[in-house]
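Structural overview for review
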Amino acid sequence: MIVRNVDIAVLGAGPAGMAAALAAARGGADTVLIERENHLGGILKQCVHDGFGLLRFGEMLSGPEYAGRFVHMVREAGLAVLTSTFVAEARRDGDESVLMLVDRGGVTELHAKAVVLATGCRERSARQVMIQGTRPAGVMTAGAAQYYVNVLGYLPTTRCVILGSGDIGLIMARRLTLEGAEVLGVFEAKPTPSGLSRNIAQCLDDFGIQLHLSRTVTRIFGDDRVEAVETAAVDEKMRPVAGTEERLSCDGVILSVGLIPENEVAEALGVPMDSVTRGPLMDQNGQTQVPGIFVCGNASHVNDLVDYVTESGERAGAAAAALVAGHRTRRLLPLIADSTVLLYAVPQFVDMDAPESGAVVYFRSREELGVTVVQVTAGEETVTCHRYQHLRPPEMERLEIDLSRIPSDVTSLNIGTESVAVAEVKS
Amino acid sequence: MCGVEMSRRSQRIQQRLQQQVKPNISCREGHDSIILEGVVDNWAQVVRAGKLAAHEGYKGVVNRLAVEGLTLPPPRSPKLKDTALDGLHVDVLIVGGGVTGCAVARELTRKNIVVMLIEKEDDLATHASSRNNGMIHPGIEPHPGTRRAHFNVRGNAMYDTVAAELAVPFTRCGSLILYQERWERFLGPLFMARARQNGVPGVHLVNRNEALALEPHLTRDFSGALHMSSTGIISPYLLTIAYAENAVRNSARVSLETMVVDMKVREGRITAVRTNRGTLFPRVVVNAAGIYADAVADMAGDQFFTIHPRKGEIIILDRKKGHLISHVIAKPRLLQVKSDTKGGGVNRTIDGNILVGPNAVEQPFREDYSTDRDHIELMLRRYLPLVPELSPTDLITYFAGTRPATYEEDFIVERSQYVRNLVHAAGIQSPGLASAPAIAEEVARLTVNALGEVTQVGDNPTFDGHRQGIPEPERMTWKERDALIQSRPDYGVIVCRCEGISKGQVVDALRSPISVTSLDAVKRRVRVGMGRCQGGFCTPQVLRIIGEQNGEQLATITKKGGDSFILAAETKTVRRGS
Amino acid sequence: MRKLTCIVCPNGCSIHVNQDVDPWNIVGNLCPRGIDFARKELTNPTRTVCSTVRTSFATVRRLPVRTRGEVPLASVRSVMSEISRLVVDREARTGDTLIENVAGTGVAVVATADLADLIEWEDCDGRPICSGD
């Protein structure tokens, strides 16, 4: 059994991990990039649609193209990359982390001074949204369907219903239709769509696929394969309303009912979590409450734009390298989100002693809002404020705080809205 | 007993049913049983009538009551049809590939005889044997003097040996039944008396502090508990498969997708058994057909019981909460001592998940494994408070199973009284899993007796009761795991990230002694897809491995045999009208 | 009054177009691209098409592709048909033209990944397959 030492172990070679590893190496740290699949690029490899990279590259790239740019950079930089390598166990050993790696060569015990978690997220399953009925073949998450279609080249269904109007579900509605399947409709339990408006337009409207709001799939029928589903209207508490059931014949049910950050390794390392974001509590550089353990990308909270994922990876990687180069203490101020108007804001803590004067904050509004001013305050002082034309929960927003504007005696920061104009969004 | 007496008894029962259930029910005697006939309004009436007619001195209740407007679907049947088994002569034909049938097969291979087990599904353990909570009951719940009590206690004691021989992980975790103060006076002595009557070892009353010392994460809302140290936990489907694999290693044959169509019976003996794969000529037939054991008995002309399917739903919670408990935790139901089914509770499975349930619902469908939201939510509300740190968000899946219960609510483990070469192992509901080793021993003994009437039966000199299972890297030390991977690199390629299952395990599942090809069959053997992502990430990888190992196109791979194809068509080949 | 969702960037601005005046009154866009989009969408709507094509390589069955530029919305289906008929049998690289002029639109179809990468990374056993094997 091999024992290895490294400065920084980056877990996950999707866009977040690749960016983190590049930044860490640039920062002078001895870095290894660990990936459980046999390729780099993470989920992007199967996202053949475009829309990636407008902020980062000023282009509308497809997933593989965006990933390809970073894979190229990783190769050029000569980074140490371990693919088909699985972290079977993670534990703390004093100030370090010990990772047990499993690959086809055997088991490796890796000691790392710092760890960057870029482990992405998983999809919620049918039973986790209380779909009842039988368990035939033909029920799968949108990500799994995407893999079948784009990587293996198979249609997992010829006539399906999609539950969930998140972007993945919308993208798959279009993809399946283009490949010749019939998408009978997209059902969304919430009263408003979960995905980007542009995806409603170019994935549903373009193809005449109906979006049914406040309606969900309650039951699946079929012994061997899916034969039908039952849909029902839901009330404000999102519970099915008796008497509104309808039966639809189909041979597939595609689920796009939410993403959950994958943080099994974080939890094993004792990292405190945020129950709202389902990611670790962290500062603006992605450092968690456990010094030396960083998180970035979708593992910290579910992002919409890969550009932000890359950005968060770069910050985490750079900060990890800086930490390894010269330890310093942090002075953490909690950044408290006003939960009446915001679903969440990350980071949950701002490190006042960070060398960079700017800190990036991401947040999501709780409801659809019209013109809104979002502000960050420190006691009575307004640190920053930004005006938005509209805010929607599915569209994560970003703003920057100038740390030098924060008085030294405050003990916390608040992020909320100044004046709220709740506008009815007419469809 | 004389004819007049019997008629009077059946008349009395008929009167009772007509008064208490529905006036048009009629009863008659036949084949030592009481036969109920007529049409009623709903299934609850069918069950009620059956129960009222039970334990009245007849060998069993044959309940032919029908429900107005209700047509029951036929059994799920294999699509396969060929003559692969046609003309085969065997010593023993076992009908049913659940834990009972497979355990019987293995026991029978201790003898020098030809054993064939047939199962209608594409894999073993697809019905009740994979749809229970894996609990090896201590034996305190069954009524004293019943076969359930007898076989439970006897079987429970055999598990250390059986599990070790078959390389199936097993733990005697113990169980705790928590009760409130007001019941303490009744339940304590009642349970202790029952334990004595049934011969259950290791039963003690403990106070709250003692219970909390055993299980620190329990609710505080109880006053005392009954601790039963003989309770165990196992993977019921892995055990079933292990039994069958060991049987096959000792020269038994297993034929999947094989279903009995009818039987030829002459002069009180089964002479031929027709299946979808040809006609077999067994010397002795063992009826271990689970939810359809009554149908098989009927085919042999020996139906003296009817199975009424009692559905049970079970919830599985995330493995990361598994560390919270180690015992099986239950609450007593007020009428538990009279009830036919367990109270249900919370337990940790052998793989470290938390399992909640089961409930019990009488309903007419034998193979309907659909679940109901209200039932699931009720179970969460009812059982999660036993361990306050559990949350509904820990839920990763739920499923259902059907208990093959007779109206007498007891096992039938005996030679047929009418058909000399038929042995029944029927009505095996809970505690069927705990009882399996003991039932198998007894059924094997009865079968060998029946066989001995027509032929010489000697011992099998090459019998080896030891099975080498598929390696489980997660249960090894790092050094052991490293060595395994050095010799088998596939064990270093992880395909199921939630459970840490390797390609090597999937490959070995496909190469196991009983050949299987479906996703669910692989899942039962090595647990891929049982984790929190429920197969989202690993299913495509497992499909590729199945395709690679079996030389199959991905589109031909099924979830569970039959038409359950995972993939519908290749892309670039489907054209819809514009 | 027509209401459109602009698909140029993730903002997805809700754009209202009043076609009764000349020039059209276009509001709701956060940037000038929205104006161009609205005009085009109502006269000659176009889209990019992203898909996959078949390959002749057993271990990598599909290669992701896209149109280099936008094609008329009405021709998307015929573009998909032509893409479906293609089988790539060489080691295409990101940006390689696979179809010069797809379905008469004048737009090319290009690869969006290096096939060699996919072969190298997608082998079931993780063994890199050298080109020529």
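All values reported here derive from a predicted model rather than from experimental measurement. (Residues numbered from 1 in each chain as written. Chains lettered and ligands numbered in written order. Predicted model: local features only at pLDDT ≥ 70, side-chain atom pairs only at ≥ 80, totals over all residues. Heavy atoms only, no water.)

Cis geometry marks the peptide bond from Gly357 of chain B to Pro358 of chain B, where omega comes out at -5 degrees. Checked against the element boundaries, Pro358 of chain B lands in the loop between β21 (354-357) and β22 (361-362). With an omega dihedral of 0 degrees, the bond running from Asp22 of chain C to Pro23 of chain C counts as a cis peptide bond. As for its placement among the helices and strands, Pro23 of chain C is situated in the loop between β2 (14-18) and β3 (25-27). (Helix = DSSP H or I, 4+ residues; strand = E, 2+ residues; numbered from the N terminus.)

For the rest of this paragraph, the subject is helix α3 (residues 99-108) of chain B. Extensive coverage of α3 of chain B is indicated by the burial of 10 of its 10 residues. Within the span of α3 of chain B, buried status applies to Val99, Thr100, Gly101, Cys102, Ala103, Val104, Ala105, Arg106, Glu107 and Leu108 of chain B. (Buried < 20%, exposed > 50% of the residue type's maximum accessible area, 1.4 Å probe, protein only.)

This paragraph deals with the packing of helix α4 (residues 142-152) of chain A against helix α5 (residues 167-178) of chain A. Residue and element names in this part refer to chain A. As a packed pair, α4 and α5 sit with axes 9 Å apart at the nearest point and diverge in direction by 30 degrees. Handedness of the crossing formed by α4 with α5: left-handed. In contact with Ala142, Gly143, Ala145, Gln146, Val149 and Asn150 of α4, α5 contributes Ile168, Gly169, Ile171, Met172, Arg175 and Leu176. Its residues assigned to classes, the contact of α4 with α5 shows seven nonpolar, four polar and one charged. (Axes fitted to C-alpha atoms, helices over the stretch in contact; angles between N-to-C directions. Left-handed = near helix turned anticlockwise from the far one by under 90°. Contact = heavy atoms within 4.5 Å. Nonpolar A, V, L, I, M, F, W, Y, C, P; charged D, E, K, R; others polar.)

All told, the structure shown has seven aromatic pairs over all chains when counted by the stated rule. Judged by centre distance (5.5 Å) and plane angle (70 degrees), the rings of Phe57 of chain A and Tyr66 of chain A are edge-to-face. Judged by relative accessible area, Tyr66 of chain A falls into the buried class, the value being 0%. Measuring from ring centre to ring centre gives 5.3 Å for Tyr308 of chain A and Tyr362 of chain A, while their planes differ by 45 degrees; the resulting arrangement is tilted. One end of the pair, Tyr308 of chain A, is in helix α8 (residues 306-325); the other, Tyr362 of chain A, is in strand β25 (residues 358-365), and 54 residues separate them in sequence. By relative accessible area, Tyr362 of chain A is classed as buried at 3%. Taken together, the ring pairs connect Phe57, Tyr66 and Phe70 of chain A into an aromatic cluster. Over the face of the ring belonging to Tyr58 of chain B we find Arg9 of chain B, whose NZ or CZ atom lies 5.0 Å from the ring centre. The side chain of Arg497 of chain B reaches across the aromatic face of Phe537 of chain B, ending 4.2 Å from its centre. (Phe/Tyr/Trp six-rings, centres within 6.5 Å; stacked < 30°, edge-to-face > 60°. Lys NZ or Arg CZ within 6 Å of the ring centre and 35° of its normal.)

Taken together, the contact pairs eight residues of chain B with 13 residues of chain C. With both sides pooled, the region where chain B packs onto chain C buries about 950 Å², and carbon together with sulfur makes up 35% of that total. Put simply, chain B and chain C have two salt bridges between them. Counting across the chain B and chain C interface gives five residue pairs in polar contact (both at pLDDT 80 or more). Considering only residue class, the side of chain B that touches chain C consists of no nonpolar, one polar and seven charged. (Buried area = accessible area lost by both parts, 1.4 Å probe. Salt bridge = Lys/Arg side-chain N within 4 Å of Asp/Glu carboxyl O. Polar contact = N/O pair within 3.5 Å; in protein donor to acceptor, adjacent residues only side chain to side chain.)

Residue and element names in this part refer to chain B. Of all five residues that make up strand β12 (residues 224-228), five are buried, and the element is covered over most of its length. Of the two faces of β12, the one holding Gly224, Leu226 and Met228 and the one holding Ala225 and His227 are both buried throughout. In this structure, strand β10 (residues 175-179) lies alongside β12, joined through five bridges in antiparallel fashion. Pairing of Ser175 across the sheet is with Met228, part of β12. The pairing of strand β11 (residues 203-207) with β12 spans five bridges and is classified as antiparallel. Bridge pairing links Leu205 to Leu226 in β12. (Pairing = 2+ DSSP bridges.)

Another aspect to go through is the confidence of the model for chain C. Residue and element names in this part refer to chain C. For chain C, mean pLDDT is 87; residues scoring 70 or higher make up 89% of the total. Highest mean pLDDT in chain C belongs to strand β10 (residues 109-111) (97); lowest belongs to helix α3 (residues 115-122) (68). Below a pLDDT of 50 lies the segment residues 121-133, which in the model reaches 26 contacts outside its immediate sequence neighbourhood of four places, other chains included. Per the prediction output, this complex has pTM 0.92; the corresponding ipTM is 0.91. (pLDDT = per-residue confidence, 0-100.)

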